[in-house]
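What follows is the residue order along each chain.
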Amino acid sequence: INSTYGELSSQWLLTTYSGYTSGMDEALLDYWAEKGVNKEGFGLENDAIEDDYYVYTPADMDEDSLYPLLIVSHGGGSDCFSVEGMGFINMIPEEQFILATAEDTSVESLYAMYEYVIANYPVDIARVYATGTSMGGMASINFAAAYPQLVAAIAPNDISLAVDLTDEQLANLQEMLVPMNFTAGLADMYHPFPVTDIDGYNRLLS
């Protein structure tokens with residue numbers, strides 16, 4: 001919160017985010033274009049919202065260069081449109097990376113999105129990262145557990161780590177030595193720091 005990006009995120013949640021009814025609203029696309037970000041939507045022709053996903057790129061992207069990919073998953077009770085209020089997208093023009101977010105945060109959906117993005121955008125496949133909040137944080141863990149060879153690191157936020165991974169998945173993560181950064185907060189309503197579910201962390205990190 002106490003950062004430029006945190007302030008931008010807070011402003012978005014209080015004002016901009018509440019003003020649009022569609023993820024591809026023309027005014028919304030103009031908003032991001034003014035920030036130096038291009039936004040594309042996929043699966044939107046289907047009535048099923050769970051097929052939707054969005055890709056955000058630097059407006060000045062060089063097709064001859066390769067960019068890191070950040071996969072961001074939304075939390076329970078929200079949708080991938082809400083990812084626009086997390087502050088990550090505001091960082092794209094300065095930090096120069098590609099961001100992708102899917103409505104369906106299942107491993108299968110995230111992998112399908114990953115395959116499309118790396119096939120159609122100049123992604124540095126050695127620098128693919130996953131993060132998310134709450135349920136989205138678990139989605140990043142699940143994706144890394146299923147495909148540890150694809151992920152350079154993960155950063156789950158605000159999760160109750162009731163790790164529901166198989167021994168084989170845990171072994172895959174440990175064998176690939178996937179770096180992980182977990183974030184919790186003193187003001188978290190559900191899983192405040194210090195994290196109470198220490199057994200889950202121990203099982204994941206042992």
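Keep in mind it's a predicted model, so treat the numbers as computed, not measured.

Chemist: Before we go on, may I ask you to explain the environment of Ser 140 in this structure?
Modeler: If you trace the backbone, Ser 140 turns up in helix α5 (residues 135-146). With 11 residues separating them in the primary sequence, Ser 140 and Val 151 have C-alpha atoms 9.7 Å apart. Sequence-distant contacts of Ser 140, that is, excluding residues within four places in its chain, are made with Ala 130, Thr 131, Ile 154 and Pro 156.

Chemist: Honestly, α5 in this entry has me stumped. Any pointers?
Modeler: Along its 12 residues, α5 runs 16 Å from first to last C-alpha, staying within 8% of the 16 Å computed at 1.5 Å per residue. Where burial is concerned, most of α5 is hidden: 9 out of the 12 residues are buried. Residues of α5 that are buried include every one of Gly 136, Gly 137, Met 138, Ala 139, Ser 140, Ile 141, Phe 143, Ala 144 and Ala 145, and no others.

Chemist: Got a minute to help me understand the sheet that holds strand β3 (residues 67-73) in this structure?
Modeler: Strands belonging to one sheet form pairs held by backbone hydrogen bonds; the direction of such a pair is parallel or antiparallel. Sheet architecture is open: 6 strands sit in the order β1-β2-β4-β3-β5-β6, paired in mixed fashion. Each edge of the open sheet is held by one strand with a lone partner, namely β1 (37-42) and β6 (153-157). Between one strand axis and the next, the sheet turns through 20° on average, direction left out of account. Looking at chain direction, strand β2 (residues 53-58) and strand β4 (residues 98-102) are connected through 4 bridges and run antiparallel. Residue Val 55 lies in a different strand from β4, and its bridge partner there is Ala 100.

Chemist: Can you walk me through helix α2 (residues 26-35) in this structure?
Modeler: Within the span of α2, buried status applies to Leu 28, Tyr 31 and Trp 32. Seen end-on, α2 carries its buried residues on one side only, within an arc spanning 90°. Exposed and facing more than 90 degrees away from the buried side of α2 are Glu 26 and Glu 34. The residue sitting at the N-terminus of α2 and contributing the capping side-chain oxygen is Asp 25; that oxygen lies 2.8 Å from the backbone nitrogen of Ala 27. Trailing α2 by a residue or two, Gly 36 shows a phi angle of about 90°, which is positive.

Cut-offs and rules
- Residues numbered from 1 in each chain as written.
- Predicted model: local features only at pLDDT ≥ 70, side-chain atom pairs only at ≥ 80, totals over all residues.
- Heavy atoms only, no water.
- Helix = DSSP H or I, 4+ residues; strand = E, 2+ residues; numbered from the N terminus.
- Contact = heavy atoms within 4.5 Å.
- Expected span 1.5 Å × (residues − 1).
- Buried < 20%, exposed > 50% of the residue type's maximum accessible area, 1.4 Å probe, protein only.
- Pairing = 2+ DSSP bridges.
- Axes fitted to C-alpha atoms, helices over the stretch in contact; angles between N-to-C directions.
- Arc of directions from axis to C-beta.
- Polar contact = N/O pair within 3.5 Å; in protein donor to acceptor, adjacent residues only side chain to side chain.

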